[in-house]
Structures are given as C-alpha cells and as structure tokens.
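Residue-level structure breakdown
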Amino acid sequence: MRTVIFRFTAPYLTALMVLFSIFVLLRGHNDPGGGFIGGLIAASAFAIYGIACGVVAVRRALWFHPMAISGAGLFFAVVAGLFSLFAGTGFMTGLWIFPVFFGNEVALSTPLLFDIGVYLVVVGGITSIALALEERDTD
Amino acid sequence: METALCLVVGCLFTVALYLLLSKHIIRMLLGVVLLGNGVNLLIFTAGRVSSIAPPLVPAGAETPLTDVANPLPQALILTAIVISFSFFAFLLVLAYRAYQDLGTDDTDQMRVAEPEDDGPPPLGY
Amino acid sequence: MAEIEATTGGTLALALPFIAAALAPILKRIFGAYAGWILALAPAAAFALLFSFLPTIASGGVVSFGYDWIPAFDVRFSFRIDGLASTFALLITGIGTLIVLYSGGYLAGHRDQGRFFSFILMFMGAMLGLVLADDLMTLFVYWELTSITSFLLIGFDHEREKARRGAIQALAITGGGGLALLAGFILIREVAGLNSMSEILAAGDALRDSQYYLPIFVLVLCGAFTKSAQMPFHVWLPNAMEAPTPVSAYLHSATMVKAGIYLLLRTQPALGDTALWTTVLPLFGAVTLVMGALLAVRATDIKITLAYTTVSSLGLLVMLIGVSTEYALIAAVLYLIAHSLFKGGLFMVAGSVDHGAHTREIGKLGGLAKHMPITFAAALLCALSMGGITPFVGFLAKEEIYHALEHGDAYHVALMAAAILGNALMFAAAFIVALKPFVGKLPETIHHPHEGSPTIWLGPLVLGVLGLLGALFYETYHQLFSVPMASAAVGAPVEIDISWVPHLNLAFALSLATIVLGIVIYLASNAIRTATSRVLSAIGWGPDHGFDQAMRGLLRFSFFVTSRLQSGRLDYYMTVTVMVIAAGLFAPMILGGALPAEPSMPTLYFYEWIVLALILVGILAVVIAKNRLTAIVSLGIQGFSIALLFILLGAPDLSFTQFMVETLSVVILALVMTRLKLSPADHRPMRETLPDAALALAGGAGLGLFLLSIVQRPFDPVLSDFFERYSYPIAHGHNIVNVIIVDFRGVDTMGELAVVMAAGLAILALIRIRAGGKTDVQPDPMETTP
C-alpha cells in the first residue's frame, strides 16, 4: 500500500478529511452531521494516514495519545452536563448564549460542547483502535 | 416497504445466527457484524417508514412543515452503530490475541477457562 | 394495662451494642487489654435502660416504640417490650456484660480480639432486636442476623476445618429454619392480615381457626426447632462448640438457642393449645430431652457435655411449652431463666478450666480445686442450681415442672418419666463438669494449673450467686421476672408462689428420686458412657453424618448440573441460546394467536428493489464465499447497501455513519485477517451445516415475523411527535436526530461514550499484554515523548 503517490497525497487527504470532519461536527445541530459522524470521518482520516505513512508518523502528528484525546472528550461531555447543574437547572439541561462576533451572531451552547466531546471520544477511541491494529503490521 | 424490510431483517438474522453457530471465530465475527445490522434495521423498521423526508426543521420554521421520517429510531441507531463497531473491534482483537496465544480459531480448542478434564469440586468445608 | 412509648430509650438500648460493635476494633487498638471493660459499658448501659422499664412491665404494662419502614406493605420497624421480652432482654444484656468482660480475659492477646468483640456485640444487638421486635418482618430480619453472627462467631477460628464445618452447619440449619419462618410469617400476613406479634396476640383464635393453621404451625415450628436444636436438628449445637468458649456460653446456651423457645412462648397464646401443638411439641421435646442428656453423659469433652445438656434442656422447655397448661408454662419460664444463669456460668467455668489446665478432656482432669478455688466455687453454685437443689433457682424450676406434670393420665405419666430420667442424667452431667475436674488427684499431664484473671472468674461467680439470690429472695424474683414473663406466655395474668422452702408433696418426692437417680448415674457414668458409645457405633449413622452426606450430595449434584449446562463448548451455548430465541418468539405467537397477517406484495420503486437485492446478495455471498477475503468484501457490500437504504429512507445521518463504520470495519477486518495464518478456505461438512442452518432459519424467521406483527399494529407516535415539536423551540436545533442525541437523550449518549472509551482501552490492553505477563517489547512512542 505504500506507493509513492499514496504516501504523497495521504497527508493532504487526511488534512482535508479532518477539516471536513470539523465542518460536519459544527453543522450537526442544524443539518445532517454531528459528533459521531465527524468523529468517524476524522478517525478514518488518521487510519488512512497510518496506512500510508506508518503509525509512528500519525502518533507524532496527533501529539496527544489517542486515548488521552478520548478522555478529554468524555471530560468535555461531563463538563457540558455540569454547567447546567451550576446554573441551577437539571443535569444536562441545554444552555445557550448568542454572542455577536464581527456582526455575526454565533450560537454557543452546552449541547455544542457536548457534541465536541462526542467527537473527541470517537476520534480518540477509534483512532486508537485502528492504530493499535496497524502497528502490528510492523513486527 | 415495511414488509420488504421485514424480509431483509429476517434474512440478516438468519445468516447472522447461522454464522454465530459455527465453531470458527472469524465466521462468528462476521455474524456479529450482520447481527448488529439486523438489529439496527429492526429498530428502524419498528419505528415505521412513513415518510422519506429527513427529520430536519426547515430554517425559519418551528416544527417540520411536512411529514418527516421518525427521528427517534434514527438517534438510537446512530449511537448503536458506533457502539457495535467498538464492540466488534474489541471482539476482533480478542479473537486475534486468542489466536496468537492459542494458535487456533476453533472455539472447541479454546478451553483455557473451562478445561475439559475439570474434576469434581473438593468435598470438604 | 399501661402502654407507654419510649422511642429514645428503646432505640438507644437497641443501637448501643451495634455502636459498640463498630467501635470495638478501634477501641481494642487504643486500650489494648482494657478494651473489654470499656466495651462492657455498652451492654451495661442497655441493661440499665431496659431495667428502667421494669416497674412499668412488672405492673403489667407494655413499652412500645417504632418507625415506619415500608408503609406500602404495612411493614414497620417496631418494637414492644412486655414481660417476656423484658426478661429475655435483661438476660441478654446482663449476661452479655459479663461475657464481654470474660472475653477480654479469655482471649487476651489474641490477634483478632477486636474482631471478636465486634462480632459478639453485633450478635447481642441482633438478639436484643429479636426479642423486642413486634413487627414480623423486623423480627425475621433480627432472627437471620443472629444466625449470621452466630456463623461468624463459630467460624471465628476459621483456619481450622472443624470450625468452618461447624459454622457452615449452623448456618445451613438455622438459616434454613429462618427461611421456613419467613414463609410462615408471610402466610400469617397474607391469610390473616396480621403484621405484628401484638396483632397476633390480640386476634385471639384467628390463627387457630384459620384453614392454613397446619402450614403456619409447621413453618413456625421449623424455625423454632432448628434454632433451638430439637432432634434431629440438634447436630449443629455440639459442633458449634468449635467457637471460643465465651460464644458457647453466650450464644449456645444462654441466649441464641433460646430464640426458638422465645418464639414458641410468644406464639403460644395464638397457636398453642391445639391437639397438634400438645402432641408434636411434647413428642419432640421429650425425645430431645432424653437423647440429649444421654449423649451429654457419654461425651468426654466437658464443653460437649454441656452442649448436649443444653440440647436436653431445650427439649425439656419445648416439652413444657407443648403441654400448654398454665403450670407447664410457668415451669418453662422458671426453668428458662434458671438455665440461662447456670448454663452460661458452667460454660464459663469450662472455659476457665480449659484456660487454667489446657485441656477439656474429662479423663485428663482432676484435683484442680486447690489451684482454682474460685472457679470451683462458681462451678458448684451453678451445678447445684442445675441439679435442682434448694435453695437455688433450679430447684424452683424443677418443683414447678413436676407440679405441672402430676396428672394421672398416660400422657402426663410418660412425660413425667422423660422429665425424671432427663433431669437425673442432667444432674449427673452437671457434676461431671463441676466436680470431677476439681476433686481427686492432679494428673501429671497438667502443668501449673492457675486461676485466670478476675474477668474470667467474675462471670461464672456472679451467675452462680444470682442463682442463689433468686431463690432466696423469691418474692422479688417472681414479681420482677417470672410473673410478667409467664403472664405474657400464658396470655393472662398468673400468680407464682413457689419458694425455696421444700414442702412435703409428690413433687418434692420426685425431686428427691431424681437426685438419687442422678447420683447413681454419676457414679456409673463410665459404664453408661461405654454402653452408649457401643450402641451409637453399632448404629453407625447419625444426623451429623447425614449432614455431611447431604452437603456432599449437593456439591456433586451441582457439579453434575453445571457440567451438563456449562459444557465449556461455545457452539453448544450458542445452539441453546438460538433455540431459546426461536422458541421464545414462536411459542407466544402461535399459542397466543399473534401471528402476523399475510402481507400484501410491497410496491417499491425499482431502485429500492435494487438496494434490497444488493443487501441480500451481500449477505448470501458472506455465507457461500469460498475464501475469507471474499466474505469480507461481501460483508462490505451488504453494509454499504444498508447505508444506501438509509439514505433512501430519509436517514442521512445514519447513512453517513454506516458508511464510515463499514469502511473502517472492512479495513480492520482485512488488517487482522491477513495476519492470521489460516487456510484461506474453510469448508464445513454438510452434517454440521444443515442443523445449524435449520436452527438459524427458525431464529431469523421468528424475528422477521415478530417484526412483521409489530408493523401491522397501530403506531404510537407520542415520543416522535414530542421530539419533532420541541426540537427547535426548546433545543434550538434544526436537525432533530442530533438534538435527540446531544440534548434530549444526552445522558444516554454519555454512557455510550464511556462504552466507546472502555472498548478502546480494552483493545489497547489486549494488544500490549503478551502471554505470560510480559508487556510488549516495543514501547509506545507516545509515552516516551514528553
């Protein structure tokens, strides 16, 4: 699988896919998409990168251990729930603010934070699985 | 459409169960994947296929203007797909490691936990 | 009758032992050898609290308190102290105080003394709750708690197999009886609507007249007989002597074994005085009385001797309760109190002898009187009471027993004979324990016999002296203890005037005869021992042996069942599972007539047909694929077709997810599969595949039909409508599916995230751990970078 063309294009493909996955994540609340799908796309991107350029390269590119990313995701998800607890409503009740940046109204909410958590858990978990399996190839 | 889906679900389950009944881990893994798909389709069909419009609320509206597909089973299945994938990956690795350590993918020969010549228990106190 | 509420005092008395039990290990660590003195304050305080109720109770009043527990089922956590409960409670806390002190000396320096204190105080709390409980469920909970704490105490020395066996046997027998008792209580609650002892007693003949009297009687009796060691359930009591001596003195003579007697006395006004009651109880009681006393004389270990005399005494009590007359019940009450005092004392003496001479074998003991004078004095005081010699409380009891049985008919004559024989044997046994070790020549095997610390001789001495004082000041004794207790047992106020001054009547003559017979037996005890042993070895089987056989049989049976059900073969498990699925689906559909109606031919667009056909082709190809790679590719085909199907049916989110997951599945499956060095093709013979295929078809068809019958029913859209209506207004999301996932059902999703993480972690662990515990040679590069 390590053809020159594949190895050359893989990083760009991965970057594009990750970018796309974030786009899918953020549009998720209003259009098809969301954390699960976005996470899977990003995880596939890293899996492709891993097949093309080796697991070590992916790990270096990720900087964090995939399971750490996954853990951070779970942390965000729980924090998103806790916010509403501090706000005096029930656990995981959605909270919304609509600040205006450069004249555009941006919707920020705890469900969005939660969805980011979902995204990170899926990216971390699945990438970890894929890399673990690919790594065996080398020995 | 629902009738046709029932048939597909029946076929998926038949094949999944058939594969799960075999003695080879790899076949069983394929069965697990099919079983997951079968269950997902079962939930989907049980939520009825009344409309094929995606469950989205159009911009500017409060509720969907037309009849849309049932969103609840979709939400349930969406997470189920990801979960069953993680589960499948785990089983796959488990099978792989079992194969590495035991040198077989035949479940009849995997008897580490329940050895065949397990004698009667001690009868003392 | 005055009825007062005493919630604070009563609750405190109940809680004190448990509080002390929780603190015991810590106090032991802090105060060391003096912990016993401090811990004894708890039962002493409970005793004082209960004693303060005595004026009310002696004048015929009742103290009650309680809390709601499960109001929906009328279960309360309620307690009621009348004469019966009060005397029991005073015995429990009073003897308990002495026992805690005694344990402090007896187990001084033992590694687990703190734990021992904890257990025995826990038992005390349980026993106290048992006798004070009014609500049936409360009583049952405490009843079982005494069984469990008894188990812990018998098995205290758990490194010895005999101790473990004794503990398991006691738990199996008394716990089993407890379950029977629970069934009896539930029956009482269900058929008679009576929830507590006070209601039962107030209901008069309700239970006797019930058509369920027989089952209730049998079940309650099972509870009482197992706990109070009636033949043939008596076996656990001698084996319970594996426990440290304070336990034997406290649980297995003075208190716990009396729980069954307590239950019989308590229920006597409601269940007693029927033909069944007056036949069954005296029969079991008399047999237990005579057999127990015979075995007591036969035993060579003084603790075992005492254990069998306890069995025998319990038989006597059951017999008396069975006779059910007022005199018999008074006799039972007098004997019960006397027994708790002298038997508890004698057990402590036995422990003291063991402590001082390091043996309990009757043949190896002798001449200790000079070296252990205080113990000897205590032993004599207790033995005289046990022998029924005036002026001791045992004498009052025995006079009353003979008085109760002196009727001309065959029934009473037979019981009288049993009582005389049993009492004579017990008389002999009492002096075997209290006299033989102290008189005669000191054997050479005993080195440095010595008196123990004051805590060791204090208990038996106090109990012995109390046995004397009770008889001397019999009026106060009757007024405070025996009259309230007997009145509660009889169910009507009674008068007791028996005193220590002998009167020349039939009962006194029989008393003298008993003593003479007892002396004869004492002198002939060696011959009797040999004779009994010969008879027993000729029979060669007993309930104790039967228990072993039953336990072994149980183990073998469960091993047989387990090895049949859990063969260790995965395909067998799978076959059973699929069979159950198929049967579970078809049986209700066919039997309940819920088979779906025959559906009409679906009308679909041609592209829908194509997608469905693709799925079917894909799954079919998975099965018939000649090699594994083809199977994997076919798996991908059906997965992608399902993704297509989702998008056709208005589920774009599902479609994308399915698409990504199928891709990843095929990739990792291929990654792993290429590394398994298996032959690419695997062929299965027809004789294996056909049954599997038939079974799988049954399961699949069952699920298909099940789904069909679901979709043929009307659809309830209430949930879907809710999500559609409120997705935007309250959750600000246009994509309803996503809103459900991250908002409406967010907690659910959070759980699923945890599952994904757990799977990831498990896979990492599986990959890294090599067989034999070695970790992977290649370290993870991520862990070495900062």
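Residues numbered from 1 in each chain as written. Chains lettered and ligands numbered in written order. Predicted model: local features only at pLDDT ≥ 70, side-chain atom pairs only at ≥ 80, totals over all residues. Heavy atoms only, no water.

A short note on the overall build of chain A
Applicable threshold: We count a stretch as a helix when DSSP gives it H or I for four or more residues in a row; a strand needs E for two or more, and each element gets its number in order from the N terminus. Only protein chains enter the accessibility calculation, which uses a 1.4 Å probe; a residue whose area is less than 20% of its type maximum is buried, one above 50% is exposed, and one in between is partly exposed. Contacts between residues were defined by any pair of non-hydrogen atoms, one from each residue, lying within 4.5 Å. We get accessible surface area from the Shrake-Rupley algorithm with a probe of 1.4 Å; when it comes to residues, only the shown protein chains can shield them. Charged residues are defined here as Lys and Arg on the positive side and Asp and Glu on the negative side; His and the ends of the chain fall outside this count. For charged residues, the charge sits on one atom: NZ in Lys, CZ in Arg, CG in Asp, CD in Glu.
Tallying secondary structure elements over chain A gives five helices and four strands in all. A burial count over chain A gives 51% of its 139 residues as buried. Residue pairs at least 24 apart in sequence account for 62% of intrachain contacts in chain A once pairs closer than 6 positions are excluded. Accessible surface computed for chain A: about 6500 Å², of which carbon and sulfur atoms make up 74%. Each charge class in chain A was averaged separately, 6 positive and 7 negative side chains, and the resulting centres sit 11 Å apart.

Re the pairing of strand β3 (residues 75-81) of chain C
All names here are of chain C. The following threshold applies: Note on pairing: two strands pair once DSSP finds at least 2 bridges between them.
Across the seven residues of β3, five count as buried, placing the element largely inside the fold. In this sheet, β3 lies alongside strand β2 (residues 62-70) in antiparallel orientation, the contact comprising seven bridges. Residue pairing in the sheet places Val63 in a bridge with Ile81 of β3. Hairpin remark: β2 followed by β3, antiparallel, with four residues in the connecting loop; positive phi at Asp74, about 60 degrees.

Side note on the packing of helix α27 (residues 606-624) of chain C against helix α28 (residues 628-648) of chain C
Geometrically, a packed helix pair is captured by the angle between its two axes and the distance between the axes. All names here are of chain C. Here is the rule we go by: Lines are fitted to the C-alpha atoms to define the axes, a helix being fitted only along its stretch in contact, and any angle between axes, read from their N-to-C directions, falls within 0 to 180 degrees. With respect to orientation, any angle under 35 degrees is reported as roughly parallel, any angle over 145 as roughly antiparallel, any angle of 65 to 115 as roughly perpendicular, and every other angle as oblique. Definitions for this section: a left-handed crossing has its near helix turned counterclockwise from the far helix by less than a right angle. A right-handed crossing has that turn clockwise. Each residue is assigned to one class: nonpolar for Ala, Val, Leu, Ile, Met, Phe, Trp, Tyr, Cys and Pro, charged for Asp, Glu, Lys and Arg, and polar for all the others, Gly among them.
Here α27 crosses α28 at 155 degrees, and the two axes come no closer than 8 Å. When the interaxial angle is binned, α27 and α28 end up roughly antiparallel. Of the two elements, α27 crosses α28, and the hand of that crossing is left-handed. Residue-level inspection shows Tyr607, Glu608, Val611, Leu612, Leu614, Ile615, Gly618, Ile619, Ala621 and Val622 of α27 in contact with α28, the latter providing Ala631, Ser634, Leu635, Ile637, Gln638, Ser641, Ile642, Leu644, Leu645 and Leu648. Residue composition of the contact of α27 with α28, by class: 15 nonpolar, four polar and one charged.

As for unusual backbone geometry
Residue and element names in this part refer to chain C. With omega at 0 degrees, the peptide bond leading from Met231 into Pro232 counts as cis. Mapped onto the secondary structure, Pro232 falls in the loop between α11 (213-227) and α12 (236-239). Within the chain, Asp74 stands out as a residue other than glycine whose phi angle is a positive 60 degrees. For Asp74, the location among the structural elements is in the loop between β2 and β3. Look at Asp74 and you get partly exposed, because its relative accessible area is 48%.

A few points about the layout of surface pockets
By rolling a water-sized probe across the atoms, one finds the places where empty space is left. Basically, it comes down to this: Residues are called lining when one of their atoms sits within 4 Å of a cavity or pocket point, these points coming from a 1 Å grid over the protein atoms alone, where a cavity is a set in which a 1.4 Å probe fits but cannot get out and a pocket is an open set with protein on both sides within 12 Å along at least five of seven lines. Grid points are joined across faces, edges and corners, and a volume is the space filled by probe spheres set on the points.
Here the largest pocket is characterised by a volume of approximately 1300 Å³. Looking at the lining of the largest pocket, the elements with two or more residues in it are α8 (161-192), α12, α15 (275-298), α16 (302-323), α17 (326-357), α24 (525-539) and α25 (543-565) of chain C. Ranked by the residues each element gives to the lining of the largest pocket, the list is headed by α24(C), at five residues. Split into classes, the residues belonging to the lining of the largest pocket amount to 21 nonpolar, 13 polar and 15 charged. Residue assignment for the lining of the second largest pocket shows that the elements contributing at least two residues are α1 (2-20), α2 (25-46) and α3 (71-102) of chain B together with α26 (570-591) of chain C.

Topic: the pairing of β2(C)
Pairing of strand β1 (residues 3-5) of chain C with β2(C) involves three bridges; the strand directions are parallel. By the bridge assignment for β2(C), Glu3(C) is matched with Val62(C).

Overview of the nonpolar core
Cut-off, in case you're wondering: Residues belong to a common nonpolar core when they are buried Ala, Val, Leu, Ile, Met, Phe, Trp, Tyr or Cys residues joined through side-chain atoms within 4.5 Å.
Counting 193 residues, the largest nonpolar core has Leu132(C) and Phe185(C) as its most contacted members. When neighbours within four sequence positions are excluded, Leu132(C) is seen to be in contact with Leu14(C), Leu50(C), Phe79(C), Arg80(C), Ile81(C), Ala85(C) and Ala89(C). If you look at the next biggest cluster of nonpolar residues, it comprises 127 residues, including Val123(A), Phe88(B), Val737(C) and Met750(C).

Quick notes on empty space enclosed by the protein
Overall, the coordinates contain eight cavities of 30 Å³ or more when judged by the stated rule. Here the largest cavity defines a volume of roughly 150 Å³. Forming the walls of the largest cavity are 13 residues, and the residues nearest its centre are Val33(B), Asn37(B), Ser84(B), Phe85(B) and Val661(C). When residues of the lining of the largest cavity are traced back to their parent elements, those giving at least two are α2 and α3 of chain B together with α29 (652-673) of chain C. Class assignment of the residues belonging to the lining of the largest cavity gives a composition of six nonpolar, six polar and one charged.

Quick notes on the UniProt feature "transmembrane region" (unreviewed entry) in chain B
For the record, the criterion: UniProt positions are given in the numbering used here, feature names are shortened, and annotations may be inferred rather than shown by experiment.
UniProt annotation of "transmembrane region" (unreviewed entry) refers to residues 75-96 of chain B when read in the numbering used here. In this annotation, residues 75-96 of chain B is assigned 100% helix and 0% strand; the end-to-end C-alpha distance for the span is 32 Å.

A few points about the packing of aromatic side chains
Residues and elements named next belong to chain C. How we decide: What counts as a ring pair is set by centres within 6.5 Å for rings of Phe, Tyr and Trp (its six-membered ring), and what kind of pair is set by the plane angle: stacked under 30 degrees, edge-to-face over 60, tilted for all other angles. Definition used: whenever NZ (Lys) or CZ (Arg) falls within 6 Å of the ring centre and also within 35 degrees of the ring normal, the charge is taken to sit over that ring.
Following the criterion strictly, the structure yields 29 aromatic pairs over all chains and no others. The structure contains a cluster of three or more aromatic residues connected by ring pairs, namely Phe65, Trp69, Phe77, Phe79 and Tyr142. Taking NZ or CZ as reference, Lys436 lies 5.5 Å from the ring centre of Tyr522, over its face.

Things to note about a nonpolar patch on the surface
All names here are of chain C. What counts is decided by this rule: Like charges within 9 Å and nonpolar side chains (Val, Leu, Ile, Met, Phe, Trp, Tyr) within 5 Å are joined into patches, using only residues over 30% in relative accessible area that form no salt bridge. Salt bridges, as used here, are contacts in which a Lys or Arg side-chain nitrogen is within 4 Å of a carboxyl oxygen on Asp or Glu.
Together, Tyr605, Phe606, Tyr607, Ile610, Leu614, Val633, Ile637, Leu644, Ile647 and Phe656 give the surface a local cluster of nonpolar side chains, amounting to about 950 Å² of exposed area. Listing elements by their share of the nonpolar patch, those giving two or more residues are α27 and α28. Inspection of the secondary structure puts Phe606 in helix α27. By relative accessible area, which is 61% here, Phe606 ends up exposed.

Re the interface of chain C and chain B
What counts, and what does not: Here the quantity called buried area is the accessible surface, traced with a 1.4 Å probe, that two parts lose on coming together, added over both.
The interface is formed by 107 residues belonging to chain C together with 91 residues belonging to chain B. Interface area, chain C with chain B, both sides summed: about 9000 Å², of which 75% is carbon and sulfur. Per-residue buried area on chain C facing chain B is highest for Leu649(C), Leu707(C) and Leu766(C); these three make up 7% of the total on that side. The interface formed by chain C and chain B holds one salt bridge in total.

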